[in-house]
Protein chains: 2
Amino acid sequence: MSRASERAYNNIRSMILSGELQPGSQIREEALAELCGVSRTPVRDSLRRLEAEMFIRRNDSQRSFVADWSLDDLEDAFQLRAMLEAHAAKRAASRVTREQLGLLRFHNAQLKQAIEMPNPDVPKFLDHNRHFHAIILAAAASERLTNMLAQVTEQPVVLRTARHYDLENLRRSHHDHDELLIAFDKRDGEWAAAVMTGHIRRAFHAYAEAHSTDTEIRKSNLAA
Amino acid sequence: MSRASERAYNNIRSMILSGELQPGSQIREEALAELCGVSRTPVRDSLRRLEAEMFIRRNDSQRSFVADWSLDDLEDAFQLRAMLEAHAAKRAASRVTREQLGLLRFHNAQLKQAIEMPNPDVPKFLDHNRHFHAIILAAAASERLTNMLAQVTEQPVVLRTARHYDLENLRRSHHDHDELLIAFDKRDGEWAAAVMTGHIRRAFHAYAEAHSTDTEIRKSNLAA
DNA sequence: CGAATGCCATTTGTATACAATAAGCTGCCC
DNA sequence: GGGCAGCTTATTGTATACAAATGGCATTCG
């Protein structure tokens, strides 16, 4: 993507993720254009893209609004994500290369390190976690699957609440990864899929809890 | 979508589906704009959309080409489709309303009629078939799932070869639908999912055969 | 003769002006 | 006072002109 267009997309996206653009609020192309320092053309491109990714919704008369997801929507997204990631793990089990296995081990070791320090480095954990899942997706070798997963992984709520993840959950995640690695080593797709399903479903419940406390915090802020 | 933009989208899309724009061939925005009788702006919108739907691919320098899918790609799409439609059936089993069940029965009766006539009416069959699946998707009540399925259902190759479906396969499809209806009636999501998986996988093999003969025909045409 | 380089043609990206459409408001009529 | 009509304003859609980037070709140099 070219310069202006990319800038607009990244800007708007991060404004949505950070909550700077509040869920449910209307979006005006011109306003965003000014904020991003570009013209409406690249902004429109970005809005179309973000609409396809369900960050933005449009009403009957083409006006755009920041998407506002309920807990049900979140569960729906996670259900799909669990299914798709399990599928990816299954495919990866029979396709993953030695090199990819090595990389997976590396990132898993790194993310373990990140939470075993006296002061856990959560961003570092999340970064290696992201790489870990990306490698599996690459090993699964299905472009469509990759596109679809992007649609359910990068949720505003998901990213916003990721930091709430407690240490115990992070440790369990690491162990799931360990088990996945063994399943890959044995080329056992069914096992890999099962582990991945549990891995994502646990994440959902962690997120759901974080989300509800998050919502309560926001409510009390509004009330104050 | 507005007039010009919608026209461009539909025009280009049908040109791809019909093969008027050959797989692999380059696409120039200006040429399409003239063909559709609109300016480049709505054409660009359409191209972006079609790119997201994987009808179009872009190279490193942003030039667009009509997507060209191999048999492997087709299988990949069908694998995802089977998984997603099975998921839809499972969800639908516990959510489908009396009214929707009635509609499903109606369309299934109609598509049976379409192939039991002396002269089978395949377009009519396909039309009611489409409705049948759409109702299940609606009953599944997941917008994301609907979007994802659209991405794997409306494939150029799929639509182009649908007509090759032989009568025996159409009859089996009808019976699958019957069984799905019973599963829905019993609210048995697992059963519904299993039937749907088989339903789609059979479709894949029918398509795959049709695709290979289709490819051979095209090759011999090129050779002649 | 082959490879690299610079120029020209082609194509896409961006900005902007204008058109079309929808929302909101004001004032009128019942 | 309530609701509807017509106008005004806000917002999005489309066309077009121009800018930037890319690819291909020809020429030149080793």
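Structure: above.
Below: a short report on this structure.

Rules used throughout
Residues numbered from 1 in each chain as written. Chains lettered and ligands numbered in written order. Predicted model: local features only at pLDDT ≥ 70, side-chain atom pairs only at ≥ 80, totals over all residues. Heavy atoms only, no water. Least-squares fit on C-alpha atoms with pLDDT ≥ 70 in both. Contact = heavy atoms within 4.5 Å. Near = heavy atom within 4 Å. Polar contact = N/O pair within 3.5 Å; in protein donor to acceptor, adjacent residues only side chain to side chain. Helix = DSSP H or I, 4+ residues; strand = E, 2+ residues; numbered from the N terminus. Phe/Tyr/Trp six-rings, centres within 6.5 Å; stacked < 30°, edge-to-face > 60°. Buried < 20%, exposed > 50% of the residue type's maximum accessible area, 1.4 Å probe, protein only. 1 Å grid on protein atoms, 1.4 Å probe; cavity = no way out; pocket = protein on both sides within 12 Å on 5 of 7 lines; lining within 4 Å. Points joined across faces, edges and corners; volume = space filled by probe spheres on them. Nonpolar A, V, L, I, M, F, W, Y, C, P; charged D, E, K, R; others polar.

**Things to note about the relation of the copies chain A and chain B**
Next up, step 1: Under the fitted operation, chain A is carried onto chain B by 0.0 Å of movement along the axis and a turn of 180 degrees, and the coordinates agree to an RMSD of 0.1 Å. As the rotation angle and translation indicate, the two copies are arranged about a two-fold axis. Identified as the residue of chain A closest to the rotation axis by C-alpha distance is Met148(A), at 3.3 Å.
Next up, step 2: The overlap is high: 100% of the interface residues of chain A also sit at the interface in chain B, so the same surface is used on both sides.

**Some thoughts on the protein's contact with DNA strand C**
Next up, step 1: Ser2(A), Ser39(A), Thr41(A), Arg28(B) and Arg44(B) are the nearest of the 19 residues found near DNA strand C.
Next up, step 2: Counted by atom, the contact set of DNA strand C within 4 Å of the protein is 69% sugar and phosphate.
Next up, step 3: The separation between a sugar or linking oxygen of DNA strand C and a polar side-chain atom of Ser2(A) is 2.6 Å.
Next up, step 4: One of the side-chain N or O atoms of Arg40(B) is found 2.8 Å from a base nitrogen in DNA strand C.
Next up, step 5: For the surface near DNA strand C, the elements supplying multiple residues, two or more each, are α1 (3–18) and α3 (40–52) of chain A together with α3 (40–52) of chain B.

**With respect to the packing of aromatic side chains**
All names here are of chain A.
Next up, step 1: In total, this model carries four aromatic pairs over all chains according to the counting rule given.
Next up, step 2: Ring geometry for phenylalanine 78 versus phenylalanine 204: centroids 5.4 Å apart, planes at 50 degrees, classification tilted. Placement of phenylalanine 78 in helix α4 (residues 71–95) and of phenylalanine 204 in helix α10 (residues 189–223) is noted, with a sequence separation of 126 residues between them.
Next up, step 3: Take phenylalanine 78: its relative accessible area is 4%, and that puts it in the buried class.
Next up, step 4: The buried category is assigned to phenylalanine 204, whose relative accessible area is 6%.
Next up, step 5: Ring centres of phenylalanine 78 and tyrosine 207 lie 5.3 Å apart, and the angle between their planes is 40 degrees; this geometry places the pair in the tilted category. One end of the pair, phenylalanine 78, is in helix α4; the other, tyrosine 207, is in helix α10, and 129 residues separate them in sequence.

**Some words on the layout of surface pockets**
Next up, step 1: The computed volume of the largest pocket comes to approximately 1,800 Å³.
Next up, step 2: Lining of the largest pocket is provided by 47 residues; of these, Ala52(A), Arg48(B), Arg49(B), Ala52(B) and Glu53(B) occupy positions nearest its centre.
Next up, step 3: When contributions to the lining of the largest pocket are tallied by element, the ones reaching two or more residues are α1, α3, β2 (56–58) and α7 (143–153) of chain A together with α1 (3–18), α3, β2 (56–58) and α7 (143–153) of chain B.
Next up, step 4: A per-element tally of the lining of the largest pocket places α3(B) first, with six residues.
Next up, step 5: By residue class, the composition of the lining of the largest pocket is 14 nonpolar, twelve polar and 21 charged.

**Describing the side chain of Ser64(A)**
Next up, step 1: Looking at where Ser64(A) falls in the secondary structure, it is placed in strand β3 (residues 64–66).
Next up, step 2: Once residues lying within four places of it in the same chain are set aside, the contact partners of Ser64(A) are Ser25(A), Gln26(A), Ile27(A), Leu47(A), Ile56(A), Arg57(A) and Arg58(A).

**Quick notes on the protein's contact with DNA strand D**
Next up, step 1: In the vicinity of DNA strand D, 18 residues are found, and the nearest of them are Arg28(A), Arg44(A), Ser2(B), Ser39(B) and Thr41(B).
Next up, step 2: If you look at DNA strand D and keep only atoms within 4 Å of the protein, 68% of those are sugar or phosphate atoms.
Next up, step 3: Between Ile27(A) and DNA strand D, the recorded distance is 3.0 Å, taken from a backbone N or O atom to a phosphate oxygen.
Next up, step 4: At 2.8 Å, a side-chain N or O of Ser61(B) approaches a phosphate oxygen of DNA strand D.
Next up, step 5: Elements with a minimum of two residues in the surface near DNA strand D: α3 of chain A together with α1 and α3 of chain B.
Next up, step 6: It is α3(A) that provides the largest number of residues to the surface near DNA strand D, a total of three residues.

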